[in-house]
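# Structure assessment
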Amino acid sequence: MMVTRKNSQLAQIFMGGLLLAVLVIYFPPYARAWVGDDYVQLGWILDFVQRPFTAYKLFDPTTLGWYYRPLQNLWFLANRLLFGLNPAAFYWQLLLWHTLATALVFRTARQWGIRPFAAACAAALFAIHGHYVDVVAWVSSVAIVMTAVFSLLSLSFFLDYLRRPQHKYLWLSLLFFVLALFSHEEAILLPIFLALVTVVKKVDFKRRQFAVSNPLLLTLGVMGVLTAVLVIIQFTRPNLTIDISQTSASQWLSLLSPVQVGQFVSDTAVRYTLLYDWQAAIAANAWLFGWGVLLLLGVWFWAALPVGRWGLLWFALHLGLMYATIWLQKPELFAGRHFYNAAVGLVWAMGSGIDQVLALWPTQKKRKGRRDTAVTVLGVISVVVTAVLLYHIVQVRRAEGQWLARAQRDQAAEAQMKAILPTLTPETHVFANRFPITPQFFRAVTEVWYGQTERLPLPTGSFTQLGCPVSHPRFLRVRL
């Protein structure tokens, strides 16, 4: 199948329609509500709302006990200052981040050499997935999408440099890597990937000579140093959710367990790829199923074009990090949002695979009474991709319905609380029992519900934290 200007134009038109469809499909029916950790994120930046010029402190790893993601916190602060507590403004921006990530998946696919049709299919499979609701329709996950955007921009300029060595491409690649690093810890994988790309594309194996420029080596070296610094920070700073420094040696060694590896691959394959949830069907044999999936991936890697192998490598690096952190530490937290960046590599590999299939039936001149086989194959692939997308659109709607029910539950609790306690004062103390949202987050929830712009001396929490009898007249006991 030849690449023509017409093919490129059709792919670009398709991408425009796809990005518009993403906005329509993913804009949540709960756009007027905050969900879960959103309150916590808003709580962390509350101290800076009245003093935004002190927000540079967010780059200090000890300022917050939450994840070290300064750009995420700055994004929440900027939006709070510009739009107040209007959730819809946050959701729209998050979706725009996702559309940008989708466009960059298409761009980088083309830079790898994937043809327009296959690159468009890859972008479509990345754009719409049933398990993306908790990443592209939940503002607390904005750091993951930001990291994808900045990492893909860094990679794109890096590939530009390899094709046309100009220093500006290296500077831009380094800049966007730093932005990715300050967005989310997954960015630590990018220098590893870029170094491997450099070695494979720039080393003359026959002469065993490195054809790598000094600026390129310097850029990779700076990226490596920054990555090492961030890793040290992650291991030494306290974290309220996952404290890597407290992980025992035996727990790290458990990563090598065949059963653990197989179970992780199985969980990922049946929940977050093109399949849905087959866990009940495979039950106790999940780890064996996982090793079967690994075997198939190995065969795919062996048979794939170089581009497909790069995609599978990206996919493996990101899933490996999720395995060693989230799944090892708190497997119950492993969700679709942790598959998002890995999916970039998977769809590259799929796009390369589509190119391989189409290469088996090259386009031929039409003969009277005969149909070009390549056109038929193209049509079959289009139908399959469309069917997958329609299936995932249904799953998106189902997931958004569940999130809507959760948001409505929280809004009902808010209405009850405001009916009992119309306003807050510096003397207010609120402790929760049977509350829909985790009690230790109750302070942040209360501050958002009452539109606070400064932190009040408002002791809150669960009843176990209550230091005096609940019948004390200064305390309000609320069952919601």
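Notes on the structure in this doc start here. (Residues numbered from 1 in each chain as written. Predicted model: local features only at pLDDT ≥ 70, side-chain atom pairs only at ≥ 80, totals over all residues. Heavy atoms only, no water.)

## What to know about the overall build of the protein
Within the protein one finds 18 helices and five strands. Of the contacts formed within the protein by residues at least 6 apart in sequence, a portion of 77% connects residues at least 24 apart. Entry remark: accessible area of the protein is about 22900 Å², with carbon and sulfur atoms responsible for 65%. (Helix = DSSP H or I, 4+ residues; strand = E, 2+ residues; numbered from the N terminus. Contact = heavy atoms within 4.5 Å. Areas by Shrake-Rupley, 256 points an atom, 1.4 Å probe, with all protein chains shown as cover.)

## Details of helix α10 (residues 214-236)
Taking 1.5 Å of rise per residue, the 23 residues of α10 would be expected to cover 33 Å, and the 33 Å separating its terminal C-alpha atoms lies within 8% of that figure. By the burial criterion, the buried members of α10 are Leu216, Thr219, Leu220, Met223, Thr227, Leu230, Ile233 and Gln234. (Expected span 1.5 Å × (residues − 1). Buried < 20%, exposed > 50% of the residue type's maximum accessible area, 1.4 Å probe, protein only.)

## Considering the nonpolar core
Formed by 141 residues in total, the largest nonpolar core has its most connected members in Tyr26, Trp112, Phe126, Phe193, Tyr340 and Trp348. Looking at this core, the element that brings in the most residues is helix α7 (residues 142-163), giving 15 residues. (Core = buried A, V, L, I, M, F, W, Y, C linked by side-chain atoms within 4.5 Å.)

## A short note on the pattern of salt bridges
Within the structure shown, the criterion is met by nine salt bridges. For Arg163, the salt bridge is made with Asp160, and the minimal N-O distance between the two is 2.8 Å. Of this pair, Arg163 and Asp160 are both found in helix α7, three residues apart, which corresponds to roughly one turn of the helix. The class for Asp160 is buried, based on a relative accessible area of 3%. Between Asp410 and Arg409 there is a salt bridge; the shortest N-O distance is 3.2 Å. Note on Asp410: relative accessible area 2%, which makes it buried. Here Arg409 falls in the partly exposed class, since its relative accessible area comes to 39%. Among the charged side chains, a salt-bridge network with shared partners connects Arg107, Asp160 and Arg163. (Salt bridge = Lys/Arg side-chain N within 4 Å of Asp/Glu carboxyl O.)

## Side note on the environment of Tyr340
Secondary-structure assignment places Tyr340 in helix α16 (residues 340-359). With relative accessibility at 0%, the residue Tyr340 sits in the buried group. In the structure, Tyr340 is positioned 213 residues away from Ala127 in sequence and 10.0 Å away in space, judged by C-alpha atoms. Once residues within four sequence positions are removed from consideration, Tyr340 is found in contact with His98, Ala101, Phe126, Tyr132, Val135, Val136, Ile144, Val145 and Ala148. A distance of 2.7 Å separates polar atoms of two side chains, one belonging to Tyr340 and the other to His98. (Polar contact = N/O pair within 3.5 Å; in protein donor to acceptor, adjacent residues only side chain to side chain.)

## What to know about helix α4 (residues 87-112)
In this model, α4 (26 residues) spans 38 Å end to end at C-alpha, consistent with the 38 Å of a helix rising 1.5 Å per residue. For α4, the buried fraction is high: 19 of the 26 residues fall into the buried class. Gly113 sits one or two residues past α4 and shows a positive phi near 110 degrees.

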